[in-house]
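An overview of the molecular structure
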Amino acid sequence: MYRPGKCKTPRRPGIRKASHTEKDPVGVYCRIRPLGADNEECCIEMISNSTIQLHAPDGLKANRNGEFKETQYSFKKVFGINTTQMELFEEVAKPLVEDLIQCKNGLLFTYGVTGSGKTFTMTGSPGEGGLLPRSLDMLFNSIGPFQAKRFVFKPDDKNGIDIQNDVDALLERQKRDNQPLVPKTPSSRQKADPEFADMISPQEACKAENVDEDCCYSILVSYVEVYNNYIYDLLEDAPFDPIRPKAPQSRILREDQNHNMYVAGCTEVEVKSTEEAFEVFWKGQKKRRIANTQLNRESSRSHSVFTLKLVQAPLDADGDNVLQDKNQVNVSQLCLVDLAGSERTSRTRAEGSRLREAGNINQSLMTLRTCMEVLRENQMCGTNKMVPYRDSKVTHLFKNYFDGEGKVKMIVCVNPKADDYEETMLVMRFAEMTQEVEVARPVDRPICGLAAGRRQRNQAFRDELSHRLDDRGAPYNADDAALLNQLIESFPPMPSCELVDPGDDQTLPRLIEVLEKRHHIRQLMAEQFNKAANMLNSMLQQFDGQFGNKENLIQDQQSKLSERDKVIINQKTELERLEKKSKTLEYKIDILQKTTDMYESNKRSLEQELETRAQKLQQELSERRRMEQHMQGMVTDAKLKWEKECERRVNAKQLEMQNKLWVKDEKLKQLKAIVSESSRGSSSSSSTERPEKPERPSRDRDRKYGQKRSASPSPPAQQINPVHRRSHSAGGEKWVDHKPSSNVDLGTVMQPVIPNAIQVSSPSEKALSKCHKYVLRHQELASDGEISTKLIKGNVFRTRSGGQSVEFTDVETLRQECPTAPSRKRRSGSAEAPHNKEDQENWAPVASTSAVLGHQKRRKP
């Protein structure tokens, strides 16, 4: 977001690389370490020099139902358990050292799980030196005679190199020697650390070819570690305070003027021998963070980066001193990286700081994997996604190598034991993906315009000068002596110069004459020499002209060659474009094939799901038809039942109305008889005949209806209010009233009321502990089709174990009955029936109702 009032420093445009730059894939090698014990199970098998096979262990197959299959992985080369350190160095690291001398950068790092032998591969052990000490030994064996004096090349603070003349370098050395309090750089005359003294045997020493002898070389080393995503300098000479120790300061990454990443403020030590470099390395190695874990006794808890920086500058025309031109200085560097191993906390059982270290290690390795995946996708698909280098200090530091500033190689170290199978499989997948990443091939350094062989000529001149000074002007060799004798013999012989008489006047004139002849001959020889020199100069001029013509011809030929090279480059570019397009199309075809397979699988799954749903639908339809038939049967039964009930009730109502009408008729007849009897007077009193009793309506029709009804109504009877006995639950005790939620509310008038009761739907120990009595309301269907409610009572008492127990003591039954329905038991004494026919006929019937009365009955169990 832009903020007004502030402006950003414009970023310098990066160096644009030509599109036709040739690229090489990342060289990935595999090294298998030996098993710790002979009886351990192995999960890796070496098929060939470039292929290994990974198979799941037996225990994992049993746990995963045997779903893991054997997989093969290919590398540039595979080194077995019997591979020596020298063979590994000859194949992997030696080409990088040769490229370093030819001003080409290189990056070599080891990758693998914890305990797979990465540190041993990089550092080695006494008698078996690793890649780092062997690289140093080869470098010093190659450039040892051509090294510049100390402090001629001085690093600045911006990842550059300054050149000092011999006087300034001498003053710098004297200044360092006169300050004993300042920690000095380890000298080659000091005794080396005994642990590194016999790392490389003299028989294994090697040397690079094609070393430019007309250059001066100097080696600067630095050693840093990346711990918890912070960079620390392992060669820093910080003062030690035993009272208040000071923690080391972390370093930051910066970008120089050539857009190369470097560690700002990192200590760079100039070394002059292999032993001195070993000592500097061991000094930083002692400060590296190493801890003991469940899987590795000396587990690296940080990523270490040991950098070899080779500075070379050409000699001047005389071949005596370094050319004082900073633009002619070439700096190349080789980074040897020992990555910390990935680990699972479930296996290492790390806690505290170890757990935090493991998390940061795994996170940085995951960032490296992500960067490789994005680079691979950009190169194969032609995309331009941003590579997340800045997510980790390791990937940010080596960003330039992956962008084409040097050759990159990786050694995958694996442990063949079965316990590391899953971690090893992830490492193999990462290695297989890394081999598909391509890095731009480094270009050759520019050729210096000075003539070759300057150092040899200067050395020959120095040897001749010292020899002549030793011999005090003697001829250099036999050929020069013979030529000098021949020249002396061509002069006139010298006369005798002995004077025996003071008056001798012949000897001196003869001597003068001979000397004059010799002088004349010398003049003639000088003239001839001048003529020959002029002739030689003219010949040289002719040769220069011919040489210039030939140079022009060569330039013309070179221009033609350059044009042809451009044509070839254009053709290569077109070929690369077509190859990239072909790869892109293949990748798209793979994606389309995968998409088609995915759609086919989805189609099959949807078809199966559709068939399953169709079957379920058919089952639901059949179930629905069955339920409809069942419900229709139930509805028919209910309809018949209610039709019979309605018919019964209608007949009962009609009978009731007929009874009422008959009662009224009887009353009217009685009243009429009384009135007529009172009007007759006394005359009628003598009459002994009684009036005929009115006949009751015939019940033939009622009997006919009664045969059709399922239950005929009983003759009307006077409704009597029953006397209900007080329930046993009305005591002063506290009750638990257990009424299940499945009970049906009958809506009756008479309901058991229990005071001081706790109503629950399910009994609990807490409720039982507060009460003394317990009652359960249980409903069941009686034989006559009505619902009967039982009150099952009991006493609550405490058990020995502290719980609650119920002892049942009584059962009360509540049942509903219809008063018009015929009783199954004979009623004796319940109603006062008339004893004679007259009283029965005079009895006034009471109209029956269809109201249902609830009777409480008590039954002892």
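Presented here is an overview of the structure given in this document. Position numbers for residues start from 1 in each chain and track the written sequence from start to end. The predicted nature of this model means local features are confined to residues of pLDDT at least 70 and side-chain atom pairs, given and counted, to a pLDDT of 80 or more, with totals for whole chains, interfaces and linings taken over all residues. With hydrogens and water set aside, each side-chain value is computed from the structure's full complement of heavy atoms.

Remarks on a nonpolar patch on the surface
Short version of the rule: Any residue with relative accessible area above 30% and no salt bridge may belong to a patch, with like charges joined within 9 Å and the nonpolar Val, Leu, Ile, Met, Phe, Trp and Tyr side chains within 5 Å. The method behind every accessible area is Shrake-Rupley, applied with a 1.4 Å probe, and residues are considered shielded solely by the protein chains displayed. By definition here, a salt bridge exists when the distance from a side-chain nitrogen of Lys or Arg to a carboxyl oxygen of Asp or Glu is within 4 Å. Under the DSSP-based scheme used, a helix requires at least four consecutive residues in state H or I and a strand at least two consecutive residues in state E, with every element numbered from the N terminus. Remark: exposure states derive from per-residue accessible area (1.4 Å probe, protein chains only) relative to the maximum for the residue type, with buried under 20%, exposed over 50%, and partly exposed in between.
Taken together, the side chains of Met535, Leu536, Met539, Leu540 and Phe543 define a hydrophobic patch exposed on the protein surface, amounting to about 480 Å² of accessible area. Residue placement: methionine 539 occurs in helix H15 (residues 507-680). With relative accessibility at 36%, the residue methionine 539 sits in the partly exposed group.

Overview of the nonpolar core
Test applied: Think of a nonpolar core as a cluster: buried Ala, Val, Leu, Ile, Met, Phe, Trp, Tyr and Cys residues, connected wherever their side-chain atoms sit within 4.5 Å. Between two residues, a contact is recorded if the distance between any of their heavy atoms is within 4.5 Å.
In this structure, Ile52, Phe75, Leu107, Phe398 and Phe402 are the most contacted members of the largest nonpolar core, which totals 55 residues. Setting aside residues no more than four positions away along its own chain, leucine 107 makes contact with Leu96, Leu334, Cys335, Val337, Phe398, Tyr401, Phe402, Lys407, Val408 and Lys409.

Structural notes on the packing of aromatic side chains
The criterion, for reference: Here is the rule: rings of Phe, Tyr and Trp (six-membered ring for Trp) pair when centre to centre is within 6.5 Å. Planes less than 30 degrees apart are stacked, more than 60 are edge-to-face, and the remainder are tilted.
Per the stated rule, a full pass over the model turns up 7 aromatic pairs. Ring geometry for tyrosine 29 versus phenylalanine 79: centroids 6.2 Å apart, planes at 35°, classification tilted. You can see tyrosine 29 sitting in strand E2 (residues 27-32) and its partner phenylalanine 79 sitting in strand E6 (residues 77-79), a full 50 residues away along the chain. Of the two residues, tyrosine 29 and phenylalanine 79, neither departs from the other in class, the shared state being buried. The rings of Tyr223, Phe281 and Phe306 are connected pair by pair, giving a single aromatic cluster.

Section: the pairing of strand E28 (residues 804-817)
Keep this limit in mind: Pairs of strands are assigned from DSSP output, requiring at least two bridges between the strands.
In the sheet, strand E27 (residues 787-798) pairs with E28 via 11 bridges, with the strands oriented antiparallel. By the bridge assignment, asparagine 795 is partnered in E28 with glutamate 807.

Examining a negative patch on the surface
Rule in force here: Note on charges: Lys and Arg go in the positive column, Asp and Glu in the negative column, and His and the chain ends are not counted at all. Here the site of a charge means NZ on Lys, CZ on Arg, CG on Asp, or CD on Glu.
The grouping of Glu40, Glu41, Asp58 and Asp419 at the surface amounts to a negative patch. Tracing the sequence through the fold places aspartate 58 in helix H1 (residues 58-63).

Examining the pattern of salt bridges
Applying the stated rule across the entire model yields 28 salt bridges. Put simply, arginine 134 and glutamate 204 hold a salt bridge, and the shortest N to O gap is 2.8 Å. In this pair, arginine 134 sits in helix H4 (residues 131-143) while glutamate 204 sits in the loop between helix H6 (194-197) and strand E12 (215-227), placing the two residues 70 residues apart along the sequence. For glutamate 204, a relative accessible area of 27% puts it in the partly exposed group. Its salt-bridge partner being lysine 660, residue glutamate 656 comes within 3.8 Å of it at the nearest N-O pair. Of this pair, glutamate 656 and lysine 660 both sit in helix H15, 4 residues apart, roughly one helical turn. With a relative accessible area of 13%, glutamate 656 lands in the buried category. Through salt bridges with shared partners, one network takes in Glu645, Arg648 and Arg649.

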